[in-house]
Structures are given as C-alpha cells and as structure tokens.
Amino acid sequence: MDSVFEHLAAWWRARTGREQLVMQGAMLLIIAVLVPAWLFLSASDFRRDSAAELASMRQVELQVAQLAETSAAQSNAPQGGDASLNGRVLAAAEAAGLRPAQIAASAGNSVRVSFEPADSVAVYRWIAMMGAGGAHVTRTAMSRVADSEMVIAEFDVSEAL
C-alpha cells in the first residue's frame, strides 16, 4: 500500500508548479461546487419521492377509513323481515347520510326512492346497505349535478328473492 502512495507522491512532485495549481483548482471546484450540488440534488430527489409516498399513504388511509365507515354502516343497516321495505330504505338512507326527496310504492312489492343531491360515495354506501339488508336495487338512475361531486339519484328497490 505504501508503494501506491509513494508512486502518487512521486508523480505529484514530477508535475510543474502550474500543473499542480490547475489540479488543485480542479479539486477545489469539485469539493466546493460539485459535491454540494450532488448533495442538494440527492436531497431534492429524496424529498420528492417522500412526498409522493406520503400522498400515496394518505390515499390508502382515506380508502381504509371509507371502508371502515361502509362496514360500520352496513352492520347498522336494518336486516330483512322485521321492518317494511319502506322503513329499511329510509333507515339505510339515514345511516348513509342521504335525504330522500321522494319515496313511493311501485309495482309489486317494490319502492321507488329519489334522493336530494348527495355525494356519490354515500349513494353507493346506501346501495351496499340495501343489499346487506336483504333488498335488491332493480333500477338505478344517477346524474351529476353541474360540475360538482354531487349526484341526484333515483332507484327502484324490491325484496330480494
């Protein structure tokens, strides 16, 4: 190992003063400019990747919270048989945070219900609760309200066979 350093020292001493000065300037440039620039770019890349990962984790957290809400709402949904279809439709709407605009008996043993403008996630939650409660959504009509996240929805619901 000493022979490598000895050869390097001999090579350095063989350089002229001007060559040594140019190489010292190049080393100073590398240490003073390029190393900090490399450190800054590495930190910037790490920060960008961390921000993307954080956004992804927050999205997963939001989805898990929505699933937990849906699961809790479904377990609170009225279960078939002991309540009328009308009562179950209204109870599920209340549990999902929806306000019925109109509810009326339809052909056979079914009910037609329309909701005031609401978040589409709440509407889908209501559909899931109706299925879990022993009812079947036979007709769906949903339309978006202007350029918002809100929808107007109308459904025909009947007893599941």
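Numbering of residues starts from 1 in each chain and follows the order in which that chain's sequence is written. Residue-level local features of this predicted model are given only where pLDDT is at least 70; pairs of side-chain atoms are given and counted only at 80 or more, and the full residue set underlies all totals for whole chains, interfaces and linings. Side-chain numbers come from the whole structure's heavy atoms, not from hydrogens or water.

## Description of the packing of aromatic side chains
Any two rings among Phe, Tyr and Trp, with Trp reduced to its six-membered ring, count as a pair given centres within 6.5 Å; such a pair is stacked if its planes are under 30 degrees apart, edge-to-face if over 60, and tilted if neither. Enumeration over the complete set of coordinates arrives at four aromatic pairs. Ring geometry for W126 versus F155: centroids 4.9 Å apart, planes at 35°, classification tilted. One end of the pair, W126, is in helix α4 (residues 120–132); the other, F155, is in strand β4 (residues 150–159), with 29 residues separating them in the sequence. W126 gets classed as buried once you look at its relative accessible area, which sits at 0%. Helix and strand assignments come from DSSP, with helices taken as H or I runs of at least 4 residues and strands as E runs of at least 2, each series counted from the N terminus. A simple rule labels every residue: compare its accessible area, found with a 1.4 Å probe on the protein chains alone, to the largest value its type can have, and call it buried under 20%, exposed over 50%, or partly exposed in between.

## Points about helix α1 (residues 2–14)
The span one expects for a helix is its residue count, reduced by one, times 1.5 Å. Over its 13 residues, α1 extends 18 Å from the first C-alpha to the last, a length consistent with the 18 Å expected when each residue adds 1.5 Å. With zero of its 13 residues buried, α1 lies for the most part at the surface.

## Details of the environment of S56
Positionally, S56 belongs in helix α2 (residues 17–76). A relative accessible area of 39% places S56 in the partly exposed class. In the structure, S56 is positioned 11 residues away from L67 in sequence and 17 Å away in space, judged by C-alpha atoms.

## Comments concerning the pattern of salt bridges
Charged atoms that come close allow side chains of opposite charge to pair. In the sections that follow, a salt bridge refers to a side-chain nitrogen of Lys or Arg positioned within 4 Å of a carboxyl oxygen of Asp or Glu. With the rule as written, the count across this model stands at eight salt bridges. Close ionic contact of R15 with E19 constitutes a salt bridge, the shortest N to O distance being 3.8 Å. Accessibility expressed as a relative area gives 25% for R15, which makes it partly exposed. A salt bridge links R112 to D156, with the shortest nitrogen-to-oxygen separation between them at 2.7 Å. With a gap of 44 residues between them, R112 in strand β2 (residues 110–119) and D156 in strand β4 connect regions that are remote in the sequence. Judged by its relative accessible area of 36%, R112 is partly exposed. On the basis of relative accessibility, which here comes to 9%, the residue D156 falls in the buried class.

## Side note on the sheet that holds β4
Between any two strands, at least two bridges found by DSSP are needed for them to pair. Across the sheet, which stays open at both edges, the four strands sit in the order β1-β2-β4-β3 with antiparallel pairing between neighbours. Of all strands in the sheet, those with a lone pairing partner are β1 (100–106) and β3 (135–144), marking the two edges. Across the sheet, the axes of successive neighbouring strands diverge by a mean angle of 15°, strand direction being ignored. Where β1 and β2 come together, six bridges link them in antiparallel fashion. Paired with I103 across the two strands is V113, which belongs to β2. Lines fitted to C-alpha atoms define the axes, with helix axes restricted to the stretch in contact, and inter-axis angles between N-to-C directions lie between 0 and 180 degrees.

## Things to note about the confidence of the model for the protein
Confidence of the predictor at the level of single residues is captured by pLDDT, which takes values from 0 to 100. This prediction gives the protein a mean pLDDT of 86; 91% of its residues lie at or above 70. Element-level mean pLDDT values for the protein span from 87 in β1 up to 91 in β2. For the stretch residues 78–82, pLDDT sits under 50, and the model shows 11 contacts to residues farther than four places along the chain or on other chains. Contacts between residues were defined by any pair of non-hydrogen atoms, one from each residue, lying within 4.5 Å.

## Here we look at helix α3 (residues 85–96)
Its 12 residues give α3 an end-to-end C-alpha distance of 16 Å, which sits within 8% of 16 Å, the value for a rise of 1.5 Å per residue. Listed in full, the buried residues belonging to α3 are L85, R88, V89, A92, A93 and A96. Projected down its long axis, α3 carries its buried residues within an arc of 135°, all on one side. Taken together, the buried residues of α3 touch β1, β2, α4, β3 and β4. Downstream of α3 by a residue or two, G97 has a phi angle that is positive, lying close to 85°. The directions considered for the arc run from the helix axis to the C-beta atoms.

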